[in-house]
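What follows is the residue order along each chain.
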Amino acid sequence: MKVVITSTKNILCLLEILKVIKNLSQDVSLCFQQDEVYIQVMDHSHICLFDTHINRNWFEVYEVESDEVISLNVTILLKIINLYTINTSVELSTTDDSDRLTVILKYPDMVKEFEIPLMDIDFDYLQTGENDYGCDFEMHTKILDKHISELMIFGEVLNFKCKNETLQLAASGNDGAMSIKIPESTLESLSVEEGRTIKSKVDIKYISYISKLSASFKNVSISFDDQYPLFVNCKDEGISLKYFVAPKFDDDDQDGNDSDNDSDVENTVMGNADI
């Protein structure tokens, strides 16, 4: 296997994706297939699932003779690619008899070569899909990131609410409370089930991870409902990203659960026959 990236935009996008993955898990499995690279990561608490597909045309060189899954420490890979500077290419490669990933950074005036030991990790692919959510909206990722950064000052739980074509984001805690009402006219799109007030409650840190992708994805689509995990979708040329965050429940939402209990994304999303 050998892939090469020379596009500054794509290398920076890869860096941002690796940062998201690092927040969820220390290890990652990269599935190199004939037409794409597939990455799926679930955090250790099973609260969120990160799922991305990168088309072979996203790379300047893509040589994959047969499907190959490599697993490694994502922190090490991130540290290496963080050494990137403008006009540098990034090459990733393996050989049949090697238990290491070779990473080569080709600068205009030098070449740096690294080796990362590969790991033996059981990779269980979880089929993803989409539910019939009560509210779907799309907005600029930079605007979402600004809102999330402000809301994180006031609490750890993010509340989504949509009623009468007005979207509301809110958080509260010991330091106070904050809510933001976002009318439909300021969104790229908004679709809400008629006659319903749609709500969802999630851990705000998981949304902050994905909102940091604003440099790579202009817009972000979010779907939510009180019945399903929140669903985030980002797309750019040659790359698509899906991100699921399990909802939080309190005593008013679900009898018998501890206050602000997180549900399990594997059971509530991946275990659902509609997904």
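Thresholds applied
Residues numbered from 1 in each chain as written. Predicted model: local features only at pLDDT ≥ 70, side-chain atom pairs only at ≥ 80, totals over all residues. Heavy atoms only, no water. Salt bridge = Lys/Arg side-chain N within 4 Å of Asp/Glu carboxyl O. Helix = DSSP H or I, 4+ residues; strand = E, 2+ residues; numbered from the N terminus. Buried < 20%, exposed > 50% of the residue type's maximum accessible area, 1.4 Å probe, protein only. Patch = residues over 30% accessible without salt bridge, like charges linked within 9 Å, V, L, I, M, F, W, Y side chains within 5 Å. Areas by Shrake-Rupley, 256 points an atom, 1.4 Å probe, with all protein chains shown as cover. Lys, Arg positive; Asp, Glu negative; His and termini not counted. Charge placed at Lys NZ, Arg CZ, Asp CG, Glu CD. Core = buried A, V, L, I, M, F, W, Y, C linked by side-chain atoms within 4.5 Å. Contact = heavy atoms within 4.5 Å. Pairing = 2+ DSSP bridges. Axes fitted to C-alpha atoms, helices over the stretch in contact; angles between N-to-C directions.

Before going further, it helps to examine the pattern of salt bridges. Where charged atoms from two side chains of opposite charge come close, those side chains can pair. Considering all chains together, one arrives at 8 salt bridges under this definition. In this structure, the salt-bridge partner of K9 is D236, at a minimum N-O distance of 3.1 Å. Residue K9 is located in helix α1 (residues 8–24), and its partner D236 is located in strand β17 (residues 228–236); the two are separated by 227 residues in the primary sequence. For D236, a relative accessible area of 29% gives the class partly exposed. By sharing partners, the salt bridges in this structure join E193, R196, D225 and D226 into a single network.

Quick look at a negative patch on the surface now. A contiguous patch of negative charge on the surface is contributed by E63, E65, D96 and D97. The exposure class of D96 is exposed, given its relative accessible area of 86%.

Core analysis: the biggest nonpolar cluster contains 77 residues, and F50, F137 and Y243 have the highest contact counts within it. Element by element, the count of residues in this core is highest for α1, at 9 residues. Those residues within four positions of F50 in sequence are excluded, and the remaining contacts are I17, V20, I21, L24, I39, Q40, V41, I210, L241, K242 and Y243. Core analysis: the second largest hydrophobic core is formed by 9 residues, M42, L126, Y228 and A246 among them.

On the basis of which strands lie adjacent, the open sheet formed by 4 strands has the order β13-β12-β11-β15 and antiparallel pairing. Two strands bound the open sheet, and with one partner strand each, they are β13 (176–183) and β15 (198–203). Looking at each pair of strands side by side, their axes are set apart by 15 degrees on average, direction ignored. As paired elements, strand β11 (residues 157–163) and β15 share 6 bridges and run antiparallel to each other. The partner of N159 across the bridge, within β15, is K201. Helix α3 (residues 141–151) contacts β11, β12 (166–173) and β13 of the sheet and is inclined by roughly 160 degrees relative to β13. Against the sheet, helix α4 (residues 204–211) contacts β11 and β15, and its axis sits at roughly 85 degrees relative to β15.

Let us now look at unusual backbone geometry. Among all residues except glycine, the phi angle is most often negative; among peptide bonds, the trans geometry is most common. In this structure, H46 is a non-glycine residue whose phi angle is positive, near 60 degrees. For H46, a relative accessible area of 26% translates into the label partly exposed. The phi dihedral of N164 falls on the positive side, at around 55 degrees, and the residue is not glycine. For N164, the position within the fold is in the loop between β11 and β12. On the basis of relative accessibility, which here comes to 65%, the residue N164 falls in the exposed class.

Adjacent strands of a sheet form backbone hydrogen bonds with each other and so pair up, either parallel or antiparallel. Reading across the sheet, the 9 strands line up as β6-β2-β3-β4-β18-β17-β16-β10-β14 and stay open at both edges, with antiparallel pairing between neighbours. Single-partner strands in this sheet number two, and they are β6 (68–73) and β14 (189–192). In this sheet, neighbouring strand axes are inclined to one another by 15 degrees on average, regardless of whether the strands run parallel or antiparallel. One ladder, built from 7 bridges, connects β17 with strand β18 (residues 239–245); its direction is antiparallel.

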